[in-house]
Amino acid sequence: MKRFAAVSLAVLMLLTVFASAASAANVTSAIEIRGPVYNGSDIDAIIDTYGDGTTLSIDATEFAAFYYDIDDNVTTETLSIKDVSGTEGNVIGEGGLVYQTTIQKVAYEYEKPSIGWSNYSLIGFFADKYIPINPDKADKLAKLVLDSDDKYTIRTGEQLDLGEGYTIEAKQVDVDGEKVWLEFQKDGEFIDDEIISVGSNASNTWEVELDDIQDEDDVVVLRVHVNQVFQGAVDSIAQIEGLWLIDYANAMTIESDDEFGDLDDVQINGDTLTITNEDTITLTRDDTVEVAEGLGFKVADTSSSVLRFYAVKDITEPGTYEVRGQVASGSGDFTWNATNFAGFYYDLNDNVETESLSVSDLDGNVIGEGGLKYTTTIKNVDYEYNKPSIGWDQYPVIGFFAEEYIPINADKADKLAKLILDSDDKYTIRTGEQLDLGEGYTIEAKQVDVDGEKVWLEFQKDGEFIDDEIISVGSNASNTWEVELDDIQDEDDVVVLRVHVNQVFQGAVDSIAQIEGLWLIDYANAMTIESDDEFGDLDNVKIKGATLEITNEDTFTLTRDDDVEIGQGMFFKVADTPVSELRYYPFVEKTIGEGEVVEEPEEEGNVTETEEGNVTETEEEPTEAVTETEGVTEPTEEGTEPTEAPTEEGKTPGFGVVLGLVGLLAVVYLVRRNN
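These notes cover the structure that comes with them. All values derive from a computational prediction rather than experimental measurement.

**Quick look at the overall build of the chain**
Right, on to step 1. The helix and strand inventory of the chain stands at 3 helices and 57 strands.
Right, on to step 2. The buried share of the chain, reckoned over its 675 residues, is 50%.
Right, on to step 3. Partitioning the contacts of the chain with sequence separation of at least 6, the portion at a separation of at least 24 is 54%.
Right, on to step 4. Counting every atom, the chain has about 29500 Å² of accessible surface; 41% of that belongs to carbon and sulfur.

Here it is as structure tokens:
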């Protein structure tokens, strides 16, 4: 019996080993693309204030997740909240949420109408770009993979990766250098090929038409324009300029009985697709309410007498995305703040914004001296770990060119350090293990005392000791460790780290500290802003206590069909319009993952395409030997690159294996002893 029990224990130990080893998983970063902020006493008041009294509509000029062509001023999608029966309080009544999208014509990036590259039909569908397989009907759609006017050079035998498994290979170039044989493939399988002439009378364009795409025939899935070919002594080369591709292999047909989350009443009317809600939708406070396909509303944590929310689209696909603001047109004055430019810092729960960008004194497309003004002001916001009774109430914050910073002096906007971490998640670390906070900062649990009421923590930067503290967690202890450092941009007693230790545990096997409440600034890279500093074309700096104001000393030209840098990584995108028109918006760029959207072609290789969107960024979680507890993810490194993957609850990498081996040795000992 003892032998049976021992063997059973051994099996359980082995299961524990494998369960622990399999539990570690990578955490995927995410980006929120958000729309304008709506704030009122209830949904009716919001419709009255921001809408026309009966309907509140959001389109691509305000909500940058939706498709928008700035050059042609083309939008296809709208999301509307209607004041129907049942729309009251924080509830949208049946049929009160309406998503509508309509096919539009847009110009090819490689726009050459004389040779057939004029425009094509496009439709946005839940914030992604799709191509209608039938250009006049919105029921059969394929995602747009590529629309490019870049130049790509490929040698014979080489493949050009177009993304989503699609490739073009240059098979051969003829000896006269006027033709090239191209082959189109999907996931390595042959689809079609063509010999393309590039002589003076040739069209130079290859269109791949396929049949039986969602029961439709003669569907153009690929367009390639070959600019020229070259047959040299060493290399045979084809130069491509003009590429357009749809993901026909994953095309879909939308039926009237389809459901898209809470949007489940589908109506297809020719080139227009309309989807509404058959049941009521509650905008639950302190929650993100998804309504369909990653599209939803983020609702503030407010009292029942206040309702505040914005439309949001979640993005998890790696890439670099535009964080764009509302579209401005004409020569009038315009101002952006966090409610219409989500690149700017915004705290939804406290309704706190700090930044604004304004344009005035506009003559044609030239902004006069001092007409471009960027302003930001220090504000106070709640800690994520909000416990005012123990000192975790509020801290000063300031947005600075769409990044979140902490003023080293709470009343002056001239000395800033980037905020790395503000978290109320729980983390469990064992003695000898480190918690990676991002940007090279770590906390290590050195020891837990034998009575289990104290823990010795050490704070490090790039592996170098910074500070340490023995923290008591008894009934009368504050449980909070504040790291204060001197000589941070000539300021002393600067709080750079706050840690709240929830509890400690001294067991027979493990000594553990549980942390709940973390706040950290990047003091090592803090900066001082001087009055003679220049930030691109914003070069007239004024520091007025808690406010920083920067304007342009010289005129500023909104060059058409260009991205014009304002300063510090912030740009205006200006449409390619006639001289009599002007259309533009501000944007910054945010990156998720390694910055690769898809493996799309670039010159001499692969090109990555920048997406457009108002973005609120959530970065990847810190790791090292850290355990999550109560199903909560590990802290977000604000404004940093992702680190390694965190471990799940109670499963530090390698620790389960060690426990299993120790258990097996114990079993062997017991068996031998009983024999």
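From this point, the narrative continues.
**Notes on unusual backbone geometry**
Right, on to step 1. The residue glutamate 164 is not glycine, and still its phi comes out positive at about 60°.
Right, on to step 2. Here glutamate 164 shows up in the loop between β12 (159-163) and β13 (166-173).
Right, on to step 3. On the basis of relative accessible area, glutamate 164 is assigned to the partly exposed category, the value being 41%.
Right, on to step 4. Phi at aspartate 561 is positive, roughly 60°, even though this residue is not glycine.
Right, on to step 5. Mapped onto the elements, aspartate 561 comes out in the loop between β49 (556-557) and β50 (562-567).
Right, on to step 6. By relative accessible area, aspartate 561 is classed as partly exposed at 49%.

**With respect to the pairing of strand β47 (residues 540-544)**
Side-chain positions along a regular strand alternate between the two faces of the sheet.
Right, on to step 1. Where β47 and strand β48 (residues 547-551) come together, 5 bridges link them in antiparallel fashion. If you follow isoleucine 543 over to β48, its bridge partner there is leucine 548.

**Observations regarding the nonpolar core**
Right, on to step 1. Membership of the largest hydrophobic core comes to 51 residues, with the highest contact counts inside it found for Leu97, Tyr99, Phe125, Phe126, Ile275, Phe297 and Phe309.
Right, on to step 2. Looking at which element gives the most residues to this core, the answer is strand β25 (residues 307-315), with 4 residues.
Right, on to step 3. With near-sequence residues (within four places) excluded, phenylalanine 309 lies in contact with Pro36, Val37, Tyr38, Ile43, Ile46, Ile81, Leu283, Phe297, Lys298 and Val299.

**Side note on the side chain of arginine 324**
Right, on to step 1. Mapped onto the elements of the fold, arginine 324 is located in strand β26 (residues 319-324).
Right, on to step 2. Of the polar contacts made by the side chain of arginine 324, one reaches the backbone oxygen of alanine 60; its length is 3.0 Å.
Right, on to step 3. A distance of 3.2 Å separates a polar atom in the side chain of arginine 324 from the backbone oxygen of phenylalanine 66.

**Observations regarding the sheet that holds β49**
Within a beta sheet, neighbouring strands are joined by backbone hydrogen bonds and run either parallel or antiparallel to one another.
Right, on to step 1. Taken together, the 3 strands give an open sheet; going across it, the order is β32-β33-β49, and neighbouring strands pair in antiparallel fashion. Of all the strands in the sheet, the pair left with one neighbour each is β32 (362-363) and β49.
Right, on to step 2. With 2 bridges connecting them, β32 and strand β33 (residues 366-367) associate as antiparallel partners. Directly across from leucine 362, in β33, lies its bridge partner isoleucine 367.

**Quick notes on the pattern of salt bridges**
Right, on to step 1. A full pass over the atoms with the stated rule returns 20 salt bridges.
Right, on to step 2. A salt bridge links glutamate 183 to lysine 171, with the shortest nitrogen-to-oxygen separation between them at 4.0 Å. You can see glutamate 183 sitting in strand β14 (residues 179-186) and its partner lysine 171 sitting in strand β13, a full 12 residues away along the chain.
Right, on to step 3. One salt bridge in this structure joins lysine 446 and glutamate 458, with 3.9 Å as the shortest N-O distance. Placement of lysine 446 in strand β40 (residues 441-448) and of glutamate 458 in strand β41 (residues 454-461) is noted, with a sequence separation of 12 residues between them.
Right, on to step 4. For lysine 446, a relative accessible area of 27% corresponds to the partly exposed category.
Right, on to step 5. Put simply, Glu169, Lys171 and Glu183 are held in one network by salt bridges that share partners.

**Some points on the environment of threonine 339**
Right, on to step 1. Counting through the fold element by element, threonine 339 comes out in the loop between β28 (334-337) and β29 (346-347).
Right, on to step 2. In this structure, threonine 339 is in contact with Gly35, Pro36, Val37 and Glu353, ignoring residues within four places of it in sequence.
Right, on to step 3. A polar side-chain atom of threonine 339 sits 2.5 Å from a polar atom in the side chain of asparagine 337.

Reading the values: the criteria
Residues numbered from 1 in each chain as written. Predicted model: local features only at pLDDT ≥ 70, side-chain atom pairs only at ≥ 80, totals over all residues. Heavy atoms only, no water. Helix = DSSP H or I, 4+ residues; strand = E, 2+ residues; numbered from the N terminus. Buried < 20%, exposed > 50% of the residue type's maximum accessible area, 1.4 Å probe, protein only. Contact = heavy atoms within 4.5 Å. Areas by Shrake-Rupley, 256 points an atom, 1.4 Å probe, with all protein chains shown as cover. Pairing = 2+ DSSP bridges. Core = buried A, V, L, I, M, F, W, Y, C linked by side-chain atoms within 4.5 Å. Polar contact = N/O pair within 3.5 Å; in protein donor to acceptor, adjacent residues only side chain to side chain. Salt bridge = Lys/Arg side-chain N within 4 Å of Asp/Glu carboxyl O.

Keep in mind these numbers describe shape, not what the thing actually does.
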